[in-house]
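The lines below spell out each chain.
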Amino acid sequence: MADKLVRGQSTDGTIKVFVAETSELVGEAQKIHKSLPVATAALGRTLTVAAIMGQNLKNDADSVTIQFRGDGILGNIVAVSDNKSQVRGYVVNPLADLPLNKKGKLDVGKAVGKGDLCVIYDMGMKEPYSGRVPIVTGEIAEDMTYYFAKSDQVPTAIGLGVLVDTDCSVKTAGGYMIQLMPDATEETAQKLEEIVRNAPPITEMLEKGMTPEEILFFLTDGFDMLVSNETVTPVYKCKCSPKRMRDAVISIGKEELKRIIDEDGKCEVECQFCNSKYVFQKDELLKMYDLAR
Ligand code: ZN
């Protein structure tokens, strides 16, 4: 099924729910980065939660960035989304591999390791707003749940899943996020907790052919829900351009630019998000040098 993100809220406004299928989006990320399964799962889960969080952004220029800075074999994981759930991301070591864990699952927690989780909201103000918490399990969903509880003080349930096929391609991916607003009752919280605890993994529900809407209603069984009829298609989309790359190179500063001009005479940069290559020749580098600080 095609990727889709749906959102809804309870009629009393105390519950907010987001459900997304992201199979194509995560499949695209796997193809770009040629990642092995454990990296695909870690990046896919992070991209999926970024796409969901993008729905809470107001303006077209706003972005949310999620960074897992763990000491595991994957190295840093980065995912960025805009308000249309157009996402991009990378993992430093996409070819890292680990044996399955004791449960026979991809060992994402171990591959991510211990360290920090940073969430950065860029709303076009001078200083972006950011929050940082320690990585709890490295399984991504638990870490994001912890982040919302600790940093935003919003009780949140998150489920994320990526099913990788035997040829390393992505079979199914998706996720959900349920958030309780401040006036939610203890009864609502307990009821939701029980549903989530007993719910099958999101990939299992998607594999069974359930649509994101059906999953949304399943996860909020017993509550009166209003689902937004605005359709959102989360996609993998890089935003790099010659201008952005040029600005990035200029930002390294005069000293470093001078070294590049003297030693190499040209500069080749590759976008970490989509692997596009940009080459700047000497005449252009000299102009950039004048603009650098
Ligand atoms: Zn790019």
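Residues numbered from 1 in each chain as written. Predicted model: local features only at pLDDT ≥ 70, side-chain atom pairs only at ≥ 80, totals over all residues. Heavy atoms only, no water.

A few words on the coordination of the zinc ion. Protein coordination at the zinc ion: the donors are C238 (SG), C240 (SG), C271 (SG) and C274 (SG), at 2.2 to 2.3 Å from the metal. Coordination geometry of the zinc ion: the four donor atoms subtend angles of 104 to 115° at the metal centre, consistent with an arrangement described as tetrahedral. A relative accessible area of 22% means that C238 is categorised as partly exposed. (Donors = N, O, S within 2.8 Å, 3.2 Å for Na, K, Ca; no water. Tetrahedral: all angles 85-135°; square planar, octahedral: opposite > 155°, others 65-115°. Buried < 20%, exposed > 50% of the residue type's maximum accessible area, 1.4 Å probe, protein only.)

Considering all chains together, one arrives at 13 salt bridges under this definition. One salt bridge in this structure joins K171 and E207, with 3.8 Å as the shortest N-O distance. With K171 in strand β9 (residues 170-180) and E207 in helix α6 (residues 202-207), this pair connects stretches of sequence that are 36 residues apart. The exposure class of K171 is partly exposed, given its relative accessible area of 44%. A relative accessible area of 41% places E207 in the partly exposed class. Of the charged contacts, one joins K277 and E270 as a salt bridge, the two residues approaching to 3.2 Å between their closest N and O atoms. Taking relative accessible area as the criterion, E270 reaches 43% and is therefore assigned partly exposed. Through salt bridges that share partners, E256, R259 and E263 make up one connected network. (Salt bridge = Lys/Arg side-chain N within 4 Å of Asp/Glu carboxyl O. Helix = DSSP H or I, 4+ residues; strand = E, 2+ residues; numbered from the N terminus.)

Many structure descriptions define interface size as the accessible area lost when the parts assemble. Structurally, the chain comprises domain 1 (4-236) and domain 2 (242-291). Distance between the C-alpha centres of domain 1 and domain 2: 35 Å. On the side of domain 2, five residues touch domain 1, which itself brings eight residues to the contact. Where domain 1 abuts domain 2, roughly 540 Å² becomes buried across the two surfaces, and 55% of that area is made up of carbon and sulfur atoms. Considering only the surface of domain 1 that becomes buried against domain 2, I32, R88 and Y90 emerge as the three largest contributors, covering 73% of it. Counting across the interface, domain 1 meets domain 2 through three residue pairs in polar contact (both at pLDDT 80 or more). For the side of domain 1 that touches domain 2, the secondary structure elements donating two or more residues are α1 (23-33), β4 (77-81) and β5 (86-91). Among the residues making up the side of domain 1 that touches domain 2, the classes are represented as five nonpolar, two polar and one charged. (Domains from an automatic or database assignment. Contact = heavy atoms within 4.5 Å. Buried area = accessible area lost by both parts, 1.4 Å probe. Polar contact = N/O pair within 3.5 Å; in protein donor to acceptor, adjacent residues only side chain to side chain. Nonpolar A, V, L, I, M, F, W, Y, C, P; charged D, E, K, R; others polar.)

Taking strand neighbours across the sheet as the criterion, the six strands line up as β7-β6-β3-β4-β5-β11 in an open arrangement whose pairing is mixed. At either end of the open sheet lies a strand with only one pairing partner, and these are β7 (129-134) and β11 (235-236). Both β4 and β5 contribute to a ladder of five bridges, which runs antiparallel. Within the sheet, the bridge partner assigned to A79 lies in β5 and is G89. Against the sheet, helix α4 (residues 141-152) contacts β3 (63-70), β6 (115-122) and β7, and its axis sits at roughly 120° relative to β7. (Pairing = 2+ DSSP bridges. Axes fitted to C-alpha atoms, helices over the stretch in contact; angles between N-to-C directions.)

The next thing to look at is the sheet that holds strand β8 (residues 156-164). Ordered in space as β8-β9-β2-β1-β10, the five strands form an open sheet in which the pairing is antiparallel. Strands with a single pairing partner mark the edges of an open sheet, and in this sheet they are β8 and β10 (225-227). On average, each strand axis in the sheet is inclined to that of its neighbour by 15°, with strand direction left out of account. Sheet topology note: the strand β2 (residues 15-21)/β9 ladder contains seven bridges and is antiparallel. By the bridge assignment, K16 is partnered in β9 with Q179. Taken strand by strand, α1 contacts β2, β8 and β9, and its axis lies near 125° from that of β9. Where helix α2 (residues 37-54) meets the sheet, it contacts β1 (4-10), β2, β8 and β9, and its direction lies at approximately 140° from that of β8.

Attention shifts here to the packing of helix α8 (residues 242-250) against helix α10 (residues 282-291). Helix-helix packing is characterised by the crossing angle of the two axes and by the distance between the axes. In contact at an axis separation of 9 Å, α8 and α10 are set at 60° when each is read in the N-to-C sense. By the criterion of interaxial angle, the relationship of α8 to α10 is oblique. As for the relative orientation of α8 and α10, their crossing is right-handed in sense. Here R246, V249 and I250 of α8 come into contact with α10, specifically with E284, K287, M288 and L291. (Parallel < 35°, antiparallel > 145°, perpendicular 65-115°, else oblique. Left-handed = near helix turned anticlockwise from the far one by under 90°.)

Before going further, it helps to spend a moment on unusual backbone geometry. The phi dihedral of I140 falls on the positive side, at around 75°, and the residue is not glycine. Here I140 lies in the loop between β7 and α4. Positive phi values are uncommon outside glycine, yet C168 reaches one of about 80°. Secondary-structure assignment places C168 in the loop between β8 and β9.

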